[in-house]
Amino acid sequence: MSFSPNNQQLSSGSLPKGFLSPDNGGNEGGAKTLELVGAALQLGFSACGIARADKVDEKNAQAFRDWIHTGKNASMQYMENYEEKRLDPRLLLPQAQSIIVVALNYFPKERLADHQLQFAYYAYGKDYHDVMKDKLQQLASLIEGEHKICCDTVPMLDRYWAYQAGLGWIGKNTNLIIPHAGSFFFLGEIITTASFDTYDSPMPNHCGTCENCLHACPTGALSINGLDANRCLSYLTIENRNAIPQAEAQAMGNYIYGCDRCQLTCPHNRFAQATEIDEFSPSEEFLNMTPDDWKNLSEEDYRRLFKGSAVKRAKYAGLKRNIDSALQQ
Ligand code: SF4
Ligand code: SF4
């Protein structure tokens, strides 16, 4: 089925079962919008919303600039590039009218046992970039006009746009939290010249007085003012190419790639459901790794175990550094 933004076929009654309703701020989804959301769900996305392509609002733009200027991005210098485009997606696609935002569930069906060395859930399966890109291309092919597919490869503030598109709110752990679903989702966007009959609106923040994530963070990287990547184990064990500082290494516990503590403690993740995307399932070999297996991991083992996986981002030397740091504590 293909459709154009002028096609008016679906009503809310035609939405497929299992639809995770993005809060649309009280808007009744119009036919064109609902048809797009239905198609997104058929492709395996858990949520889909649409925001108007506009500049990032000044409050969030300033918060981003402050984050960069105070060095909270650590060595991730690519975050400093293309600031103008990052803060105005219309510079990424001339004539852009809309930003379609989707969420893809990666909460794993099977997980490493507590006594094993741990990986952040997002790294359990195959590289999400390929899965996300393929699905976004299929979704974009249903829409008339010009598009730009965004999946970490384009300077975009993706959580901001997910929030603008009514998918959820940005929690104190800096993740997007989808009501009744949690935060274990990859986000992707399509910037398009197509316009829609209705747009979604941001929803209120439901963190309330909860501060679980701030207390669960073992390094103090999270505060009410946001995330300091310099102290975050996700950054230090993946993007960082240097030694892990002693204080943070001591806080690793049994995590050797990334860290999910500020998500696992979030009460909204009690709603997390196992993903149905086969590519995100861990292999038996991965699930059965013992601390000794990790300690003796050869480069050949690493290549076999992480073929087609995003773990390659840390490189063999980076993963070995993490394993050694965690096992020394
Ligand atoms: S990922 Fe871990 S280290 Fe980073 S902010 Fe969350 S709890 Fe803290
Ligand atoms: S743990 Fe609590 S404060 Fe942190 S993101 Fe979840 S609801 Fe918000």
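From a predicted model like this one, the values you see are computed outputs, not experimental measurements.

Peer 1: Where do I start with the overall build of the chain in this structure?
Peer 2: Of regular secondary structure, the chain possesses 13 helices and 10 strands. The C-alpha radius of gyration of the chain comes to 20 Å, within 12% of the 20 Å expected for a compact globule of 329 residues. Counting only C-alpha atoms, the chain reaches 60 × 40 × 35 Å along its principal axes. The 329 residues of the chain split such that 43% are buried.

Peer 1: Sorry, what's going on with the site of ligand 1 here?
Peer 2: A216, C217, T219, A221, L222, L227, C232, L233, S234, C259, R261 and C262 make up every residue found near ligand 1. Mapped onto the shell around ligand 1, the elements with two or more residues apiece are helix 7 (233–238) and helix 9 (261–264). Considering only residue class, the shell around ligand 1 consists of 9 nonpolar, 2 polar and 1 charged.

Peer 1: How should helix 4 (residues 128–140) be read in this particular structure?
Peer 2: Because the α-helix completes a turn every 3.6 residues, residues three or four places apart line up on one side. Taking 1.5 Å of rise per residue, the 13 residues of helix 4 would be expected to cover 18 Å, and the 18 Å separating its terminal C-alpha atoms lies within 8% of that figure. Burial in helix 4 covers these residues: Y128, V131, M132, K135, L136 and L139. Buried residues of helix 4, viewed axially, fall in a sector of 125°; they line one side.

Peer 1: Hey, could you run me through the pairing of strand 2 (residues 98–105) in this one?
Peer 2: Across a regular strand the side chains alternate sides, sitting on one face of the sheet and then on the other. Summarising burial for strand 2: 8 of the 8 residues are buried, a large majority. Pairing geometry for strand 1 (residues 47–52) and strand 2, over 6 bridges, is antiparallel. Note that in strand 2 the partner of A51 across the bridge is I99. Here strand 2 pairs with strand 7 (residues 185–192) via 8 bridges, running antiparallel. In the strand pairing of strand 7, N105 is matched with F185.

Peer 1: Help me understand the sheet that holds strand 4 (residues 147–150) in this model?
Peer 2: In a beta sheet, neighbouring strands pair by backbone hydrogen bonds and run either parallel or antiparallel. Judged by pairing direction, the sheet is antiparallel, and its 4 strands sit side by side in the order 1-2-7-4 without closing on themselves. Since the sheet does not close on itself, it has two edges, and those belong to strand 1 and strand 4, each with one partner. The sheet shows a mean angle of 20° between the axes of neighbouring strands, direction not considered. Where helix 4 meets the sheet, its contacts fall on strand 2, strand 4 and strand 7, and the angle it forms with strand 7 comes to roughly 35°.

About the thresholds
- Residues numbered from 1 in each chain as written.
- Chains lettered and ligands numbered in written order.
- Predicted model: local features only at pLDDT ≥ 70, side-chain atom pairs only at ≥ 80, totals over all residues.
- Helix = DSSP H or I, 4+ residues; strand = E, 2+ residues; numbered from the N terminus.
- Rg over C-alpha atoms; globule rule 2.2 N^0.38 Å.
- Buried ≥ 20, exposed ≤ 12 C-beta atoms within 10 Å, placed from the backbone.
- Near = placed C-beta within 6 Å.
- Nonpolar A, V, L, I, M, F, W, Y, C, P; charged D, E, K, R; others polar.
- Expected span 1.5 Å × (residues − 1).
- Arc of directions from axis to C-beta.
- Pairing = 2+ DSSP bridges.
- Axes fitted to C-alpha atoms, helices over the stretch in contact; angles between N-to-C directions.
- Contact = placed C-beta atoms within 7 Å.

Honestly, that's just the spatial picture; any functional story needs more than this.
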